[in-house]
Amino acid sequence: MRTYRFGIIGCGLMGREFASAAARWGHLSIDVARPEIIAVCDVNPDNTAWFSRNVPGLRHVFSDYHDLLALSEVDAVYIAVPHNLHERIYVDAINAGKHLMGEKPFGMDQEQSQAILAALDRNPGVFARCSSEFPYYPAMQLLIRWIREERFGRILEIKAGFCHSSDMDVNKPINWKRKVAVNGEYGCMGDLGIHTQHVPFRMGFLPRNVYARLDKFITVRPDGKGGQAACDTWDNATLVCETAGPDNLPFTMYLETKRMAPGCTDNFYFEIYGLKASAKFTSANPGLFTYTVDWGKEQAWAGLNVGYKPM
Ligand SMILES: NC(=O)c1ccc[n+]([C@@H]2O[C@H](COP(=O)([O-])OP(=O)(O)OC[C@H]3O[C@@H](n4cnc5c(N)ncnc54)[C@H](O)[C@@H]3O)[C@@H](O)[C@H]2O)c1
């Protein structure tokens, strides 16, 4: 099994998630390349300290990401920093010839996104990816298989969403993800959007046009230091798009990203409705694949408990 030596830039919530996932690699029974974390970088030494305690093979700890990118022994980087740094650090990593597992979004706006894509064009040997974890639930994998096998017949509608309720607490102190300057103007759409788009876009359901309904409910939040700060990103967004399947026949796709969705905690869902069959998945009930059974004129919903399937 091939090993890729990784450096992590940004040792906050997601940096720790990446290291925790890499630590479980031995659980996989399939032969896939293994990540070995040998270097980390963060401007905050409290955050790199966690890696020194918990990552046995760690050889290098930096506070300046240029030092990590200069290490020839690093094959690939995982970068999980605030959004306003993505363009600069992703472009530097690609130019340094490091394979890139980047966090969403690939740039805070179209110009930044194009700068990252241009760097990739100039460095065709670099493999770059961004991912959402939700499609990898076994029940969601089954739904994806049904799409690939075209079991839904003519598609009538797709709905995908990612909904939170943590911002319902209006006294929750602000963080960088609620500020345009650091998060980007798109607010919840850029931050949560990939979770809704990952499956439809990979399946080829690309938007031909977009209508948007955007909401900004809470415009001021506690700054965590006794004062108030402007909360200027979009809280909720519903996008309605025209798209088409392999038969090129148009249908409607709804993409919903919400930070103020009562009752939802990190809730990813995907629903597909077709003439032959329909199916649903929600991370609120992650083992369950729900699909319709045709009873002639009527359709009954059936549930298959797919549960946990080791790879
Ligand atoms: N895929 C997912 O489900 C998911 C979930 C949450 C966040 N994210 C993404 O992950 C990224 C990071 O989010 P997070 O929640 O881990 O944020 P975080 O605030 O917990 O961590 C960011 C880290 O970057 C560090 N940092 C800031 N400037 C730096 C610099 N110049 N060099 C090195 N390190 C620097 C900070 O000190 C901090 O430790 C964002 O792009 C976010 O959208 C993805």
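Everything here concerns the structure above.
What you see is a predicted model; the values in this text were computed from it and never measured.

### Here's the deal with the nonpolar core
Okay, so step 1: Core analysis: the largest hydrophobic core is formed by 32 residues, its most contacted members being L143, F270 and I272.
Okay, so step 2: Among the elements of the structure, α6 (138-148), β7 (155-163), α8 (188-202), β11 (236-244), β12 (250-258), β13 (267-274) and β14 (278-282) are those that each provide at least two residues to this core.
Okay, so step 3: Of all the elements, α6 adds the most residues to this core, at seven residues.
Okay, so step 4: Among all residues touching I272, those that are not within four sequence positions of it are L143, I147, F152, I155, E157, I158, S278 and A279.
Okay, so step 5: Within the second largest apolar cluster, 25 residues are counted, among which are F62, L69, V77 and L120.

### Let's talk about the sheet that holds strand β2 (residues 34-41)
Okay, so step 1: Reading across the sheet, the six strands line up as β3-β2-β1-β4-β5-β6 and stay open at both edges, with parallel pairing between neighbours. Both edges of this open sheet fall to β3 (60-62) and β6 (128-129), since each of them pairs with a single strand only.
Okay, so step 2: Of the strand pairs in this sheet, strand β1 (residues 3-9) and β2 are connected by seven bridges, and their pairing is parallel. Across the sheet, T3 pairs through a bridge with R34, a residue of β2.

### A closer look at the side chain of T233
Okay, so step 1: Relative to the helices and strands, T233 is located in the loop between β10 (228-230) and β11.
Okay, so step 2: When near neighbours in sequence (up to four residues on either side) are disregarded, T233 contacts K177, R178, K179, V180, N183, G184, G187, K216 and R259.

### Considering unusual backbone geometry
The phi torsion of most residues other than glycine is negative, and most of the peptide bonds are trans.
Okay, so step 1: Note that the residue after K104, namely P105, is joined by a cis bond; omega there is -5°.
Okay, so step 2: As for its placement among the helices and strands, P105 is situated in the loop between β5 (99-102) and α5 (110-122).
Okay, so step 3: Notably, E150 is not glycine yet its phi reads approximately 55°, a positive angle.
Okay, so step 4: Assignment of secondary structure puts E150 in the loop between α6 and β7.

### A look at the site of the ligand
Okay, so step 1: Near the ligand, the surroundings consist of 24 residues, among which D42, N47, H83, K104 and K177 are the closest.
Okay, so step 2: In the model, an oxygen atom of the ligand is placed 3.1 Å from a nitrogen or oxygen of the E133 side chain.
Okay, so step 3: The contact in question runs from an oxygen atom of the ligand to an N or O atom on the side chain of K177, over 2.7 Å.
Okay, so step 4: Protein contact buries 84% of the 840 Å² of open area that the ligand shows by itself.
Okay, so step 5: Broken down by secondary-structure element, the contributors of at least two residues to the shell around the ligand are α1 (13-23) and α8.
Okay, so step 6: Of the residues contributing to the shell around the ligand, the split by class is eleven nonpolar, seven polar and six charged.
Okay, so step 7: Taken domain by domain, the shell around the ligand gets at least three of its residues from each of domain 1 (3-129) and domain 2 (134-305).

What counts and how
Residues numbered from 1 in each chain as written. Predicted model: local features only at pLDDT ≥ 70, side-chain atom pairs only at ≥ 80, totals over all residues. Heavy atoms only, no water. Core = buried A, V, L, I, M, F, W, Y, C linked by side-chain atoms within 4.5 Å. Buried < 20%, exposed > 50% of the residue type's maximum accessible area, 1.4 Å probe, protein only. Helix = DSSP H or I, 4+ residues; strand = E, 2+ residues; numbered from the N terminus. Contact = heavy atoms within 4.5 Å. Pairing = 2+ DSSP bridges. Near = heavy atom within 4 Å. Polar contact = N/O pair within 3.5 Å; in protein donor to acceptor, adjacent residues only side chain to side chain. Areas by Shrake-Rupley, 256 points an atom, 1.4 Å probe, with all protein chains shown as cover. Nonpolar A, V, L, I, M, F, W, Y, C, P; charged D, E, K, R; others polar. Domains from an automatic or database assignment.

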